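Structural overview
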Amino acid sequence: MMQEVRHVYFVPGLAADVSIFEFIKLPEDKFITHTIPWKIPHTNESITDYAKRMCKEIKHEHCVLIGVSFGGIIVQEMRKYLKLKKLIIISSVKSMHEFPTRIKIARKTKIYKLLPTAIVSKIDDWEKLAFGEFAKKRATLYQKYLSINDKQYLDWAIEKMICWDQEEAPEGLIHIHGGNDIVFPVSNIKNCIVVDKGTHVMIINRARWFNEHLPEIISDNLY
């Protein structure tokens, strides 16, 4: 009997290009992978309406939907309108209560509205702004993967992330989180699979871990 092939859809992190998944290689006899790039939001578009637009990219019922960071938030909104086999988030949060204190303060004070997204959207070469070898390597990484620099998108995405108000995690959600994530510290996260020494960008620099474990996590009902 032929084994059923699963369709797996990936949504990247805030401002990230789908190329962040370039090192994720799942067995082709078991999985067919798809990536969903960010769309530029409409003026005053709600996160609900945006999620519905993202759902139009899903062409298969009972697929696996995986989101990274802010993409993890978006896939949780998308799942309300889809029939999924599994929902997985990586380096993300399951509810507003898992945000670190600085994000909760930003929400309360609305200081996020002062972020210079207009300047960020006009930077063409991050490496020129970096000093030191490590900083230049990090800038090169940003240049390659954080390529969605449209101001309207950045303003919208930052606000929707900070102001996300989900109280409880969806039933059956699988959460994979890095033990060294400084954006969403694991100390605030409950009920997750912890990747030892994994950082917020572990989908890139710990791809080997995901290639080894994702097939089992997707297929195993233990998670």
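Scroll up for the structure.
Worth saying up front: this structure is predicted, and the values here are computed from it rather than measured.

A word on the sheet that holds strand 6 (residues 193–195)
Strand order in the open sheet made by the six strands is 2-1-3-4-5-6, with parallel pairing throughout. Lying at the two open borders of the sheet, with one neighbouring strand each, are strand 2 (31–35) and strand 6. Strand-to-strand, the axes of this sheet are offset by a mean angle of 20°, without reference to chain direction. One ladder, built from five bridges, connects strand 1 (residues 6–11) with strand 2; its direction is parallel. Looking at the pairing, H7 lines up with I32 of strand 2. Where helix 2 (residues 70–78) meets the sheet, it contacts strand 1, strand 3 (63–68) and strand 4 (84–90), and its direction lies at approximately 145° from that of strand 3.

Things to note about the side chain of E98
Positionally, E98 belongs in the loop between strand 4 and helix 3 (101–109). Among the polar contacts made by the side chain of E98, one reaches the main-chain amide nitrogen of K94 at a distance of 2.8 Å. In contact with E98, other than residues within four places in its own chain, are V93, H175, N188, I189 and K190.

Some points on the layout of surface pockets
The volume enclosed by the second largest pocket comes to roughly 270 Å³. Along the walls of the second largest pocket sit 16 residues, with K113, Q152, D155, W156 and E159 positioned nearest its centre. The element best represented in the lining of the second largest pocket is helix 6 (residues 151–162), accounting for seven residues. Taken together, the residues that form the lining of the second largest pocket break down as five nonpolar, five polar and six charged.

Re the packing of aromatic side chains
Overall, the coordinates contain eight aromatic pairs when judged by the stated rule. Ring centres of F70 and W156 lie 6.2 Å apart, and the angle between their planes is 70°; this geometry places the pair in the edge-to-face category. In this pair, F70 is assigned in helix 2 and W156 in helix 6, connecting sequence segments 86 residues apart. The same class applies to F70 and to W156, which are both buried. Ring centres of W209 and F210 lie 5.1 Å apart, and the angle between their planes is 80°; on these two criteria the pair is classed as edge-to-face. Here W209 and F210 have matching classes, each one buried. Chaining the aromatic ring pairs together yields one cluster made of W38, Y50, F70, Y153 and W156.

Reading the values: the criteria
- Residues numbered from 1 in each chain as written.
- Predicted model: local features only at pLDDT ≥ 70, side-chain atom pairs only at ≥ 80, totals over all residues.
- Heavy atoms only, no water.
- Pairing = 2+ DSSP bridges.
- Helix = DSSP H or I, 4+ residues; strand = E, 2+ residues; numbered from the N terminus.
- Axes fitted to C-alpha atoms, helices over the stretch in contact; angles between N-to-C directions.
- Contact = heavy atoms within 4.5 Å.
- Polar contact = N/O pair within 3.5 Å; in protein donor to acceptor, adjacent residues only side chain to side chain.
- 1 Å grid on protein atoms, 1.4 Å probe; cavity = no way out; pocket = protein on both sides within 12 Å on 5 of 7 lines; lining within 4 Å.
- Points joined across faces, edges and corners; volume = space filled by probe spheres on them.
- Nonpolar A, V, L, I, M, F, W, Y, C, P; charged D, E, K, R; others polar.
- Phe/Tyr/Trp six-rings, centres within 6.5 Å; stacked < 30°, edge-to-face > 60°.
- Buried < 20%, exposed > 50% of the residue type's maximum accessible area, 1.4 Å probe, protein only.

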